[in-house]
Amino acid sequence: MDALIRITAPLTVSVVSHGQAAVVTPLLLELDALAREFDFELILTENVPDAELPLPDLPNLRLRVLRNRAPQGFGENHNRAFREADCRYFCVLNPDARLHGNPFAALIDALPEGLGVAGPRVEGPEGEVEDSARHVPTLARLAGRYMGRRFEADYDPAVPRQSVDWVAGMCMMFDAATFARLGGFDERFHLYCEDVDICLRAHLDGVAVLWVQEATIGHAAQRDSRRRLKYLMWHVSSLLRLVSSDAYRRFKQISAPRHS
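Residues numbered from 1 in each chain as written. Predicted model: local features only at pLDDT ≥ 70, side-chain atom pairs only at ≥ 80, totals over all residues. Heavy atoms only, no water.

Caption draft 1: Spotlight on the nonpolar core. Ranked by size, the top nonpolar core spans 73 residues in total, and within it Val 13, Phe 104 and Met 173 carry the most contacts. The residues touching Val 13, leaving out its near neighbours within four places in the chain, are Phe 40, Glu 41, Leu 42, Ile 43, Cys 91, Leu 93 and Phe 104. (Core = buried A, V, L, I, M, F, W, Y, C linked by side-chain atoms within 4.5 Å. Buried < 20%, exposed > 50% of the residue type's maximum accessible area, 1.4 Å probe, protein only. Contact = heavy atoms within 4.5 Å.)

In structure tokens:
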């Protein structure tokens, strides 16, 4: 892993590349354009050894690069980026996200007293609202969604800002103090459910978890767990870890009245 020099920034954005230049390059160019008018830094983690990303010209972007010696999981990569950052806010962003304007400013502005977790409205290729804000998963809810082929959000996108059980890891804005206090993502989850787990722990910590319609990003959901056995097994393993966790049990207890 490359050594980094700390540079204080109001916002650090963490993106993990998996050796797919065609996926991440459009996002890098959008971030570079945004950097002309909004102050942030980007930490880009190259997660695939021997697949160094050919970076485009990015004259405006404060960019730092981490290169892994071996592939790491979602939580490990973003936790490492956070440890190297010196920032007031920390945003996790998928490499296949596409910016619609400046989602970061709206997410930061939505956090009450600057504390908590916020996620944007996520739109698919046809402008449809994706399921990036959900109720805490249960076996009954998951069965209903998959059998009914329902992939929309569990909350009303007409409400500008609202408290939700969890927001998806494709874009999550944290204040740095909350992320540090929670200990970051639980690295025992390899790829799935890290986002659910940290949002439940945020609720238990007494800070907001919000879905913010003023902030919008584009995204084409891959849903690899429905097409590839390895990803399906990771998904099932993570769900079992989640539903057997102390955070899940405690959140279910305190949220039972509003979910009844």
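Caption draft 2: Structural view of the packing of aromatic side chains. Applying the stated criterion to the full structure yields nine aromatic pairs. Measuring from centroid to centroid gives 5.8 Å for Phe 40 and Phe 104, while their planes differ by 55 degrees, and the two rings are tilted. Taken together, the positions of Phe 40 in the loop between α1 (21-34) and β2 (41-46) and Phe 104 in helix α3 (residues 103-110) put the pair 64 residues apart, joining distant regions of the chain. Overall, the relative accessible area of 2% leaves Phe 40 in the buried class. A network of ring pairs unites the aromatic residues Phe 74, Phe 82, Phe 90, Phe 174, Phe 179 and Phe 185 as a single cluster. The cationic tip of Arg 88 hangs over the ring face of Tyr 89; the distance from NZ or CZ to the ring centre is 4.6 Å. (Phe/Tyr/Trp six-rings, centres within 6.5 Å; stacked < 30°, edge-to-face > 60°. Helix = DSSP H or I, 4+ residues; strand = E, 2+ residues; numbered from the N terminus. Lys NZ or Arg CZ within 6 Å of the ring centre and 35° of its normal.)

Caption draft 3: Seen up close, the state of the cysteines. This model, assessed by the stated rule, comprises zero disulfides. Residue Cys 91 stays outside any disulfide, its sulfur separated by 4.0 Å from that of Cys 171, the closest cysteine. (Disulfide = S-S within 2.5 Å.)

Caption draft 4: How the structure looks around the pairing of strand β4 (residues 86-93). The element β4 is largely enclosed, with a buried count of six among its eight residues. Note: β4 against strand β10 (residues 171-175), five bridges, orientation antiparallel. Each bridged residue has a counterpart across the sheet, and for Phe 90 the counterpart in β10 is Phe 174. (Pairing = 2+ DSSP bridges.)

Caption draft 5: Summary view of the side chain of Asp 195. Relative to the helices and strands, Asp 195 is located in helix α6 (residues 194-205). Buried within the structure, Asp 195 lacks any salt-bridge partner; Arg 134 is the closest side chain of opposite charge, at an N-O distance of 8.0 Å. (Lys, Arg positive; Asp, Glu negative; His and termini not counted. Salt bridge = Lys/Arg side-chain N within 4 Å of Asp/Glu carboxyl O.)

Caption draft 6: Quick look at the pattern of salt bridges. Scanning the model with the defined rule gives 13 salt bridges in all. A salt bridge links Asp 154 to Arg 134; the nearest nitrogen and oxygen atoms lie 3.9 Å apart. Taken together, the residues span a long stretch of sequence, with Asp 154 in the loop between α4 (139-147) and β8 (161-163) and Arg 134 in strand β7 (residues 133-134) at a distance of 20 residues. Look at Asp 154 and you get partly exposed, because its relative accessible area is 21%. You can call Arg 134 buried: its relative accessible area is 12%. Residues joined by salt bridges that share partners form a network here, namely Asp 109, Arg 161 and Glu 214.

Caption draft 7: The arrangement of α6 in detail. Over its twelve residues, α6 runs 16 Å from end to end, which matches the ideal 16 Å to within 8%, given 1.5 Å per residue. When you tally the buried positions in α6, you get ten out of twelve residues, the bulk of the element. Of all the residues in α6, the buried ones are Glu 194, Asp 195, Val 196, Asp 197, Ile 198, Cys 199, Leu 200, Arg 201, Ala 202 and His 203. Following α6 by one or two positions, Gly 206 adopts a phi angle in the positive range, close to 90 degrees. (Expected span 1.5 Å × (residues − 1).)

Caption draft 8: Quick look at the side chain of Glu 123. Along the chain, Glu 123 falls in strand β6 (residues 117-123). Side chain to side chain, Glu 123 and Arg 121 meet in a polar contact 3.0 Å long. (Polar contact = N/O pair within 3.5 Å; in protein donor to acceptor, adjacent residues only side chain to side chain.)

Caption draft 9: Fine view of the confidence of the model for the protein chain. Scored by pLDDT, the protein chain comes out at a mean of 88, with 84% of its residues at no less than 70. Low pLDDT, under 50, characterises residues 1-7; the stretch is placed with 22 contacts to residues that sit more than four places away or in other chains. (pLDDT = per-residue confidence, 0-100.)

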